[in-house]
Every structure is written in C-alpha cells, then in structure tokens.
Amino acid sequence: MKVSTMAERFAAGEPPEILFWVGCAGSFDDRAKKITKAFVQILNKAEVSFAVLGTEESCTGDPAKRAGNEFLFQMQAMTNIEVMNGYDIKKVVTACPHCFNTIKNEYPGLGGNYEVLHHTQFLKQLVEEGKISLEGGKFKGKRITYHDPCYLGRANQVYEAPRELIRKLDAELVEMKSCKQRGLCCGAGGAQMFKEPERGDKDVNIERTEQALETQPEIIAAACPFCNTMMTDGVKNKEKEGSIAVMDIAELIASVDDL
Amino acid sequence: MEYLPNILFLLLLLAGIGYFSRNVIRLRRNIRLGRDVDVSDNPALRWKNMAKIALGQTKMVVRPIAGAMHIIVYVGFIVINIEVLEIIIDGVFGTHRIFAPLGTVYDALIAIFEVLAILVIFAVVIFWLRRNAIRLKRFLKPEMKGWPKTDANLILYIEVVLMVLFLTMNGADYQLQQLNAEHYTQAGAFPISQYLAPLFEGMSIANLILVERTAWWLHITGILAFLNYLYFSKHLHILLAFPNTYFGSLNPKGQFENLESVTREVQLMMDPSADPYATPTEGQEDTEPEKFGASDVMDLSWVQLLSAYTCTECGRCTDECPANQTGKKLSPRKIMMDTRDRLEAVGKNIDANKGIFVPDDKQLLNDYITPEELWACTTCNACVQACPVSIDPLSIIMDMRQYLVMEMSAAPTDLNNMMGNLENNGAPWPFNQMDRLNWAEEQ
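Within an unreviewed UniProt entry, the label attached to chain B reads 4Fe-4S ferredoxin-type domain-containing protein, and the organism entered is marine sediment metagenome.

Looking at an unreviewed UniProt entry, one finds chain A named (Fe-S)-binding protein, with Pricia antarctica as its source organism.

Shown next, in the form of structure tokens:
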C-alpha cells in the first residue's frame, strides 16, 4: 500500500499538504487497521497529497487525560506537538474522533495549532470537489443506521458530514431513538475502553446495540474505531453478526469502488 | 392605631427581605470558597447564552411536555410578580389596588394574572402527578429519597396555595365591588375568580372583607416565606439559572481544560537545559506544591459551586447518562447534589467557627462521592448536553479523577496498565512504537 511518511517526504523535499493522523487503534487494532487502509485507498484514489508520521506518531494522550492523568497527557501532547511543529504541519485529518478532539481542542493551548478534520468531514469535501464518486448503487436502498461517536457529535457538533455521506450512497438512513445531540455513548469513552465496567445491570454497548437493532438495519455505520469495536461486540453478543455488519463510513465509501 | 396594618406590613416586608439578604450573603461567601477562574471573556456570547437558555428556556423544550408545563409556571411566576409590586405599595401606604387608574390596561393585567394563575395550578397538578402518580423513573432514583422528594412536593404545594390565595383574594374583591363596599373601587377584570361567586353567596360585607384581607395577607406572607425558602431548597434555580447560564463554558464540550500547573512542570521536565538539582528560587522554598485535581469543594472552581446551588434536581442528566441507564452507581445529578450538600456543611462549619473552616475529617471524595461513581463515567457529555441550565457535572467528575490519579495513585489496575503502556510504548496497548506503520505492509 502506498503510504509515505513525513520524514520521507521531507527528505525528498516534497512536504505533503495533509498529515493523516492514524492513531493507536488505527495502527495496532486489527479491526481498526482495516478502516485505516480503506481511508488510505480513498486518499490515494483521490490523489490527495498526504503522509503519516509512522513510528514518529505517539498516542495523543486522550485516554490518559480522561483517566485523570494530566501529566501523562501533557507529556504525550508536547512530544507530539514538537514532532508536528518540526514538520511545519498545517492540516491534520484523522479517522479517530478522540484524536480529532484532542488535537483540535486541547493541543492549541500547548502550542499545537493546526486545522483538524475528522475523516468524515474530509471525505465530504472530496465528494463535493468531485474527487471521489459514490455512485454505483452498491448500497442503494440498504438500511443503514448511524451511531454518533460522542467525541465527534456532542463534543464537536459534527452530526451532518457522516449522514450526508450515507445519504449520498443512496442508502436508506434510519435513525435510532436516541441520536445526534441525544445519542447514547457506545461505552468506550473516558478510558472505559481499557478497563472493566463498574458493576451494573448491563454493559453500555449492549444497550446501544439494542437501540441500533430496533431500527432493523443491514449495516450499523460508525465513525470511530472504538465505537466500531463496541458495536461489533454488541452485535456478536446478540448473535447477529451474520446479518448485520458494523462498518466505518470510510469502509462504506471504499467498497463502492471496490478499491 | 390607624397605621397599625401599614407598620405590620413594613415589618413583615423588612423581615422577609432582611433574612433573604442574609442568606444571599452566605450563599455568595460559600460560592467564593471555590477556586478562582477567569470568565471575563466574550461577554456578548455569554449574554446571548443567558437570554437563550435561561430567559428563552430553549433547552427545557427538548422534552416537550415538561418543557411546556415549565414555561407556564415560569411565565406565571414572572408576570404575576407585577401584582406583587402593587401589593407591596398598597401594603406600605394603606392604599387599595393602587394601579386601578390604569383602567382597561389594569383590567387586562388582572385578567392575564388570573388566567396564568389557573394555568399554573393546572401545570403544577401535572408536575405532581408525574412525581407521585405516574412515578417517572428519574424522580425515584436513590438520591431523591427523603428531603429532595419532600422539597420537590413542598414547592408544588406552596405554588398551588399561593395561586389559590390570589384567586380567592380577587374573588372576594370582585364580590365587594359588586356590593359597592367602601374602599373597594371598581377595577380589574376577573375571568376566573368571578366563578368563585357561589362560595361567597350570602356573605356579609364584613365577612367578605375578612376573607379578602386574610387572602391578601396570607398571599404576601406566603410569597415572602417562599422567597426565604429558596436558600434551603433546590428551588434556587429560579434565580441562579441566570448567572449559571452566563458563566457556563463557551468551549466545545470535548475540550477539557489543560492544567497550567502541570504544563509548567512538564515543560521543565522536557527542557534539556533544566537542572533537576537546582535549588528553588529565593523566596519560593516554602511554597507548597499545588494540589492536582479536587478532593473537596474548595478545590473546585466557584463556577462549579454556583452550579451546585443552581441544580434543581430535575434529573435529565441522570436520565441521559449511559452509566446510570445501565445500572451503575453514577448519577450526574447526585454529583451536583453531593457537591452542594458538602458545600453547605463547609459553610455551616465556617459559621460555627467564627469565619474559619475547621477540618471536620470529611471531604467530598469518599464521604459524599465514591470512586466507583467517578470511574463509571464515559465522559460522553450527555449530562452536560441535557442540563437545561448549563451545569457541567462532568467537569467535577474529571477534577476528582485527577485527584485520585495524580495525588493518590488510585486508578483502577486496568487503567494503570493502560497508562504504563502509554508511557513506555506511546500506545494504550503493549505494542512497540516501531511497529506503528506495519499495517501499511500487511494485506
């Protein structure tokens, strides 16, 4: 797969326009790596000038900050900012709403000022500029429900970009009973992804999956690698993995063109 | 003796306002126990938020039934207060319906008050049914047992009583006007209280005056008592919703504050030219290192403390909370109620000890809010979004997590593992940073 690093592009004297921030899940998690690859395929197809940091990238510090470890967060943040400022980065695109939120909102106060886009916002731009096409009818009439990631939706008011992309796929977008501003969390945020839940009646991802299943979808669309994991687990728990797919918006788009 | 009622009224008014002022001063002092924060930025947007959210009730109507009923009570409360102004003037100067010369305007005003009064009674009955007959889940959570439940119902009863007294006063007045009683000028339109006529049938003028005067006195006494009840009740929101929406955060909800004290230390740590063995700067040897996070109310900001007094325990936050919905102990409403209860305890401690807080072996953490509650939060911001008066329970949860982790090293083991990985490998999982780009080579 054609991916160059910032170091390579700088050595060649061809700095790219965009940094694709892959994130830890996108780099290491088997499921999330598929999202990363789908997004890179789209970027290559649309001939976007981009690079990744590769081994120079490190966790944004989001899970540490949400767990209460401000020290660890700021150490991560300042290290990353030093690297990004070293490459004079102007624009960052990421497929992870947590990285998106942290770099966009919490890095400026520590000296990291960039234009930050979530991949759904960037994909929407590519479609509007005619650089990628969503035609082909592969998803025509399919029932797709979209789960709002908290750190994209409520945290940053991005509700429409992913929905517009789904509509442009000619799919039938069906909303869950709690969506957009009132969307229910998948249960992974605030560093919950990395710990066992507290004692209760139910796991949050099961509750959310039940809401998704109520819409009788063929596909549950997600826009966050952690939501994706939680919803995938939920669907498995309900033994519906044979009939319902959990897919990232980037994967939906990449599969239109069989990239 | 002629001026006895005037004097009595003046004394009542002064007592009511005086005691209320005393409590406002105490309230202000308690709120200022919090850390200072700078909220002087962007006043234009802040005024706009206050106008939209508090005055305009925009977030109340997210839930249409409760929202509509609340608007009725809210408008009723504000508009009927014009009548209170007349009552006060009448009471002080011994006049009767001093605004009567306004003529048709006065008729319209009284008519509007009466219609609102009956609507308020209707709305309050619905509210009571929601709490006590329909028994909505969010009103029955564990934190609502005891005083919070009594408090909520008491407010509803007081509101009904005040409205009934208002209508009785008008009804009797209207009868007296019909009978051309001395002192009772023909004024006002009584679209609602005229139907109370059968109640007054056959009553002598003296008895009617007795009814009218009793209702009048009880009404104003009730209003003054209610004013003074606020401080002891969740009902403070009718005043504090305004400052709270003004001072509410203007940042995107996902943006959590970066701790400046940490920034200074991290910068020092990352500065290759810094000398770790350097002696402290002259005059700073004895300064205590800053405390990270919050274990008690004094560690929170004054805006957070203002929010604790503003909370009216509606429970929309808790209703939307994913942790609470799935049976975990966390309830964002309880976080706010606990903060207020603790702040009140601290305030009483200060009152009892001549203005100085004497440590009482208690704190907000553990004695009020347990780590189990704090760790159940997914930081999803549903509670912040749901609050109709811009309260941010999440910020308190985060401040307390910071204390647990940075001061007590008391994170759950799983999280310690995650943070260990993050520190060593730059990822929350135990993968080597050098493998970060391997995905590009995989099929």
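So, next bit.
Right, let's talk about the confidence of the model for chain B for a bit. Averaged over every residue, the pLDDT of chain B is 94; the share at 70 or more is 97%. Note on the complex model: pTM 0.95, ipTM 0.96.

Here we take up the domain arrangement of chain B. All names here are of chain B. Splitting chain B by domain gives domain 1 (4-38 + 50-232) and domain 2 (247-267 + 292-432). Each of domain 1 and domain 2 has a C-alpha centre, and these two points are 37 Å apart. Tallying the contact residues gives 19 residues for domain 1 and 25 residues for domain 2. Of all the elements in the fold, those that place two or more residues in the side of domain 1 that touches domain 2 are α1 (4-31) and α2 (43-55).

Residue and element names in this part refer to chain A. One open sheet accounts for four strands, arranged β2-β1-β3-β4; its pairing is parallel. Edge positions in the sheet fall to β2 (50-51) and β4 (115-118), since each of these pairs with one other strand and no more. As paired strands, strand β1 (residues 18-21) and β2 are joined by two bridges and run parallel to one another. Paired with L19 across the two strands is A51, which belongs to β2.

Listed as interface residues are 55 residues of chain B and, on the opposing side, 57 residues of chain A. Of all elements in the fold, only α9 (260-270), α12 (322-325), α15 (371-375), α16 (382-386), α17 (393-407) and α18 (413-425) of chain B reach the threshold of two or more residues within the side of chain B that touches chain A. When the residues that make up the side of chain B that touches chain A are grouped by side-chain class, the tally is 31 nonpolar, 15 polar and nine charged.

For the rest of this paragraph, the subject is helix α9 (residues 204-214) of chain A. Residues A:V204, A:N205, A:E207, A:R208, A:T209 and A:A212 constitute the buried set of α9(A). The elements touched by buried residues of α9(A) are β5 (143-146), β7 (219-222) and α10 (225-237) of chain A together with α12 of chain B. Of the residues flanking the end of α9(A), it is A:Q216, one or two places downstream, whose phi is positive at about 50°.

Moving on to the nonpolar core. One finds A:A221, A:A250 and A:I253 to be the most contacted residues of the largest nonpolar core, which totals 152 residues. Ranked by residues supplied to this core, first place goes to α17(B) with nine residues. Sequence-distant contacts of A:I253, that is, excluding residues within four places in its chain, are made with A:I42, A:L123, A:I132, A:L134 and A:L165. Judged by nonpolar contacts, the second largest core, of 29 residues, contains B:V120, B:V124, B:L176 and B:V211.

Our next topic: the environment of B:I71. All names here are of chain B. Counting through the fold element by element, I71 comes out in helix α3 (residues 64-93). Judged by the 15 C-beta atoms lying within 10 Å of it, I71 is partly exposed. Note: C-alpha distance between I71 and V61 (10 residues apart in sequence) is 8.6 Å. Ignoring any residue separated from it by four or fewer positions in sequence, one finds I71 in contact with Q57 and M60.

Before going further, it helps to spend a moment on the pairing of strand β3 (residues 91-94) of chain A. Residues and elements named next belong to chain A. Judged from the three bridges that link them, β1 and β3 form a sheet pairing that is parallel. If you follow W21 over to β3, its bridge partner there is T94. Two elements, β3 and β4, share four bridges in a ladder whose sense is parallel. Directly across from V92, in β4, lies its bridge partner V116. Taken together, β3, helix α6 (residues 97-106) and β4 constitute a β-α-β crossover, and its handedness is right-handed.

The residues that UniProt annotates with the feature "domain: Cysteine-rich" (unreviewed entry) are residues 19-104 and 144-231 of chain A. Counting secondary structure, residues 144-231 of chain A comes out at 31% helix and 11% strand; the distance between its end C-alpha atoms is 14 Å.

Quick look at the UniProt feature "transmembrane region" (unreviewed entry) in chain B now. Using the residue numbers shown here, the UniProt feature "transmembrane region" (unreviewed entry) corresponds to residues 6-25, 65-89, 109-129, 150-169 and 214-232 of chain B. A helix fraction of 100% and a strand fraction of 0% characterise residues 109-129 of chain B, whose end C-alpha atoms lie 30 Å from each other.

Let us now look at the packing of helix α3 (residues 30-45) of chain A against helix α11 (residues 249-256) of chain A. Residues and elements named next belong to chain A. Between α3 and α11, the shortest axis-to-axis distance is 8 Å and the interhelical angle comes to 50°. Accordingly, the angle class assigned to the pair α3 and α11 is oblique. For the element pair α3 and α11, the recorded crossing hand is left-handed. Mapping the contact onto sequence places K34, I35, A38, F39, Q41 and I42 in α3 and A250, E251, I253 and A254 in α11. Across the contact of α3 with α11, the residue classes break down as seven nonpolar, one polar and two charged.

Our focus in this paragraph is unusual backbone geometry. The backbone phi angle of A:E47 is positive, close to 55°, even though this residue is not glycine. Along the chain, A:E47 turns up in the loop between α3 and β2. One non-glycine residue, B:Q57, lies in the positive phi region at around 55°. Relative to the elements of secondary structure, B:Q57 occurs in the loop between α2 and α3.

Quick notes on the rules
Residues numbered from 1 in each chain as written. Chains lettered and ligands numbered in written order. Predicted model: local features only at pLDDT ≥ 70, side-chain atom pairs only at ≥ 80, totals over all residues. pLDDT = per-residue confidence, 0-100. Domains from an automatic or database assignment. Contact = placed C-beta atoms within 7 Å. Helix = DSSP H or I, 4+ residues; strand = E, 2+ residues; numbered from the N terminus. Pairing = 2+ DSSP bridges. Nonpolar A, V, L, I, M, F, W, Y, C, P; charged D, E, K, R; others polar. Buried ≥ 20, exposed ≤ 12 C-beta atoms within 10 Å, placed from the backbone. Core = buried A, V, L, I, M, F, W, Y, C linked by C-beta atoms within 7 Å. Right-handed = clockwise from strand over helix to strand, strands pointing away. UniProt positions renumbered as here; feature names shortened; annotations may be inferred. Axes fitted to C-alpha atoms, helices over the stretch in contact; angles between N-to-C directions. Parallel < 35°, antiparallel > 145°, perpendicular 65-115°, else oblique. Left-handed = near helix turned anticlockwise from the far one by under 90°.

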